[in-house]
Amino acid sequence: MPEIACRAHIETIYPVVEKALADAMLSLKDVDAVAVTCAPGLVGALLVGVSMAKSLALVAGKPLVGVDHIHGHIYANKLAFPDLAWPCVSLVVSGGHTSLYLSTSEIEHELLGSTTDDAAGEAFDKVAKILDLGFPGGPIIDGLSKGRDPKKVAFKRTVPETLDFSFSGIKTAVLYKVRGQNAKAPLTMSADERADVAAGFQEAVVDVLVEQALKACLRTRTWRLAVGGGVACNTRLREKLAARAAKEGVQCWFPPAKFCTDNAAMVAGLGYHLYKAGRVSGLDLDVVPTKAHKP
Ligand code: KG4
Ligand code: ZN
């Protein structure tokens, strides 16, 4: 799969860049800098993007700016809501990451806590697989849970005392609930029962995210909260977090759905701020598949 994804990047990157420039009615000479995701992600995919960006920067004589795309998920809020002010607590909930930061500007983010095992989006995807629902699991579980009683099938919440997260326990609890002691046993639940399990699972994950995000605000005495990443699309998370934040006097932002999942606009936007701050990269810019990138 990583190999297929990497090849697909090679096939599509050139036409995508050409189309982006054509749609914007710009040529390469009109841009100020070339921003590119260099961390974190699939190493092959990152390498394709970074190689393309280096070539463009070299050919056009433009500066190159390496961007940590997790910080881009935070910046997605600023794209949609220019009035978002700093400092704010940022909750990034994506397929590969679940982290809390104290953000003091577009480009400064101090890590407060993160998942010690599965990311929230990963848990949605794995649970959807256990329930034979398809991929990606997040939007499917979100849709199936609408109008369901989330208390019908309840799961234990793991809320660490720190600002970290842990979602592997709940994923295993769903597995046992659905398949019993034999993980390979065929699925015998009705569609209705599976939707109840999905709703109970989603509720537990959402409760933990809400709890930890508000705990981070109270501990850092920060009354702004910005959420980003694919799971920030989740209807129930939006409902519960907005309600709880309002109760605690915390102002809360969610980007529109198109800026929640991975997108190039957030990378370009954050790249602009890094460029303005002089945080540009050399042509020796390397990819960092797992860790954060410090420009
Ligand atoms: O941020 P993203 O596009 O990619 C990464 O950087 O990982 O996030 C993708 C993740 C997937 O795990 C997907 O299942 C989840 O976001 N997701 C959702 C929803 N929409 C996407 N999870 C819960 N509810 C949703 N509505
Ligand atoms: Zn992402």
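Here the structure is shown first, and the text comes after it.
In this report, the structure presented in the accompanying data block is examined. (Residues numbered from 1 in each chain as written. Chains lettered and ligands numbered in written order. Predicted model: local features only at pLDDT ≥ 70, side-chain atom pairs only at ≥ 80, totals over all residues. Heavy atoms only, no water.)

Bringing the overall build of the protein chain into the picture now. Within the protein chain one finds 10 helices and seven strands. Across the 295 residues that make up the protein chain, the buried fraction comes to 46%. Long-range contacts, defined here as pairs at least 24 residues apart, represent 74% of the contacts in the protein chain between residues at least 6 apart. Of the roughly 14300 Å² that the protein chain leaves accessible, carbon and sulfur atoms contribute 59%. In the protein chain, 33 side chains carry a positive charge and 31 a negative one; their mean positions are 3 Å apart. (Helix = DSSP H or I, 4+ residues; strand = E, 2+ residues; numbered from the N terminus. Buried < 20%, exposed > 50% of the residue type's maximum accessible area, 1.4 Å probe, protein only. Contact = heavy atoms within 4.5 Å. Areas by Shrake-Rupley, 256 points an atom, 1.4 Å probe, with all protein chains shown as cover. Lys, Arg positive; Asp, Glu negative; His and termini not counted. Charge placed at Lys NZ, Arg CZ, Asp CG, Glu CD.)

Here we come to the pattern of salt bridges. Counting across every chain of the model gives 17 salt bridges. Here E3 ties to R7 by a salt bridge, and the two come within 3.1 Å at their closest N and O atoms. With a gap of four residues between them, E3 and R7 both fall in helix α1 (residues 2–23), about one helical turn apart. The partner of R236 in a salt bridge is E203, with the nearest N and O atoms 2.8 Å apart. Taken together, the positions of R236 in helix α8 (residues 235–248) and E203 in helix α7 (residues 191–220) put the pair 33 residues apart, joining distant regions of the chain. On the basis of relative accessibility, which here comes to 26%, the residue R236 falls in the partly exposed class. Linked through salt bridges whose partners overlap, the residues forming this network are R157, E203, D207, R236, E239 and K240. (Salt bridge = Lys/Arg side-chain N within 4 Å of Asp/Glu carboxyl O.)

Grouped together as the largest cluster of nonpolar side chains are 46 residues, with contacts concentrated most on F167, F201, L225 and L241. Of all elements in the fold, only β3 (88–93), β4 (98–103), α4 (120–130), α6 (168–179), α7, β6 (224–228) and α8 reach the threshold of two or more residues within this core. In terms of residues, this core owes the most to one element, α7, which gives 13 residues. Each residue touching L225, except ones within four places of it in the same chain, is listed here: C88, V89, A213, L214, C217, L241, V250, Q251, C252 and W253. V36, M52, A53 and A57 belong to the second-largest nonpolar core, a separate cluster that totals 12 residues. (Core = buried A, V, L, I, M, F, W, Y, C linked by side-chain atoms within 4.5 Å.)

This paragraph deals with the site of ligand 1. Neighbouring ligand 1 are 19 residues; G95, D125, D142, G230 and D262 lie closest to it. Separating an oxygen atom of ligand 1 from a backbone N or O atom of G230 is a distance of 3.0 Å. Within the side chain of N234, a nitrogen or oxygen atom sits 3.0 Å from a nitrogen atom of ligand 1. Across the complex, the protein chains shield 87% of the 560 Å² of accessible surface that ligand 1 would expose by itself. Broken down by secondary-structure element, the contributors of at least two residues to the shell around ligand 1 are α3 (69–80), α4 and α5 (137–145). Element by element, the count of residues in the shell around ligand 1 is highest for α5, at four residues. Here the residues of the shell around ligand 1 are counted per class, giving four nonpolar, 12 polar and three charged. (Near = heavy atom within 4 Å. Polar contact = N/O pair within 3.5 Å; in protein donor to acceptor, adjacent residues only side chain to side chain. Nonpolar A, V, L, I, M, F, W, Y, C, P; charged D, E, K, R; others polar.)

Read across the sheet, five strands follow the order β5-β4-β3-β6-β7 without closing on themselves; strand pairing throughout is mixed. Each edge of the sheet is formed by a strand with only one pairing partner; in this case those strands are β5 (109–114) and β7 (251–253). Within the sheet, the average angular offset between the axes of one strand and its neighbour, ignoring direction, is 20°. Taken together, the three bridges between β6 and β7 define a ladder with parallel strand orientation. When the bridges of β7 are listed, R224 appears paired with Q251. The strands touched by α7 within the sheet are β3, β4, β5 and β6, with β3 carrying the most contacts at an inclination of about 155°. (Pairing = 2+ DSSP bridges. Axes fitted to C-alpha atoms, helices over the stretch in contact; angles between N-to-C directions.)

This part takes up helix α10 (residues 264–276). Helix length check: α10, at 13 residues, gives a terminal C-alpha distance of 18 Å against a target of 18 Å (1.5 Å per residue), a fit within 8%. By the burial criterion, the buried members of α10 are M266, V267, G269, L270, G271, H273 and L274. In the core, the buried residues of α10 are packed alongside β1 (34–39), β2 (64–68), α3 and α9 (257–260). A side-chain oxygen of the first residue of α10 lies 3.2 Å from the backbone nitrogen of A265; this N-cap is N263. Positioned one or two residues after α10, G278 has a phi angle of 80°, which is positive. (Expected span 1.5 Å × (residues − 1).)

The subject of this paragraph is the side chain of E106. By secondary structure assignment, the location of E106 is in the loop between β4 and β5. One buried charged side chain, E106, makes no salt bridge at all; its nearest oppositely charged neighbour is K78, positioned 4.2 Å away. In contact with E106, not counting residues within four places along its chain, are Y75, K78, W86, L270 and H273.

So, on to the environment of H273. Of note, H273 is situated in helix α10. You can call H273 buried: its relative accessible area is 16%. Here H273 is in contact with Y75, E106 and I107, once residues within four sequence places are set aside. There is a polar contact of 3.2 Å between the side chain of H273 and the side chain of Y75.

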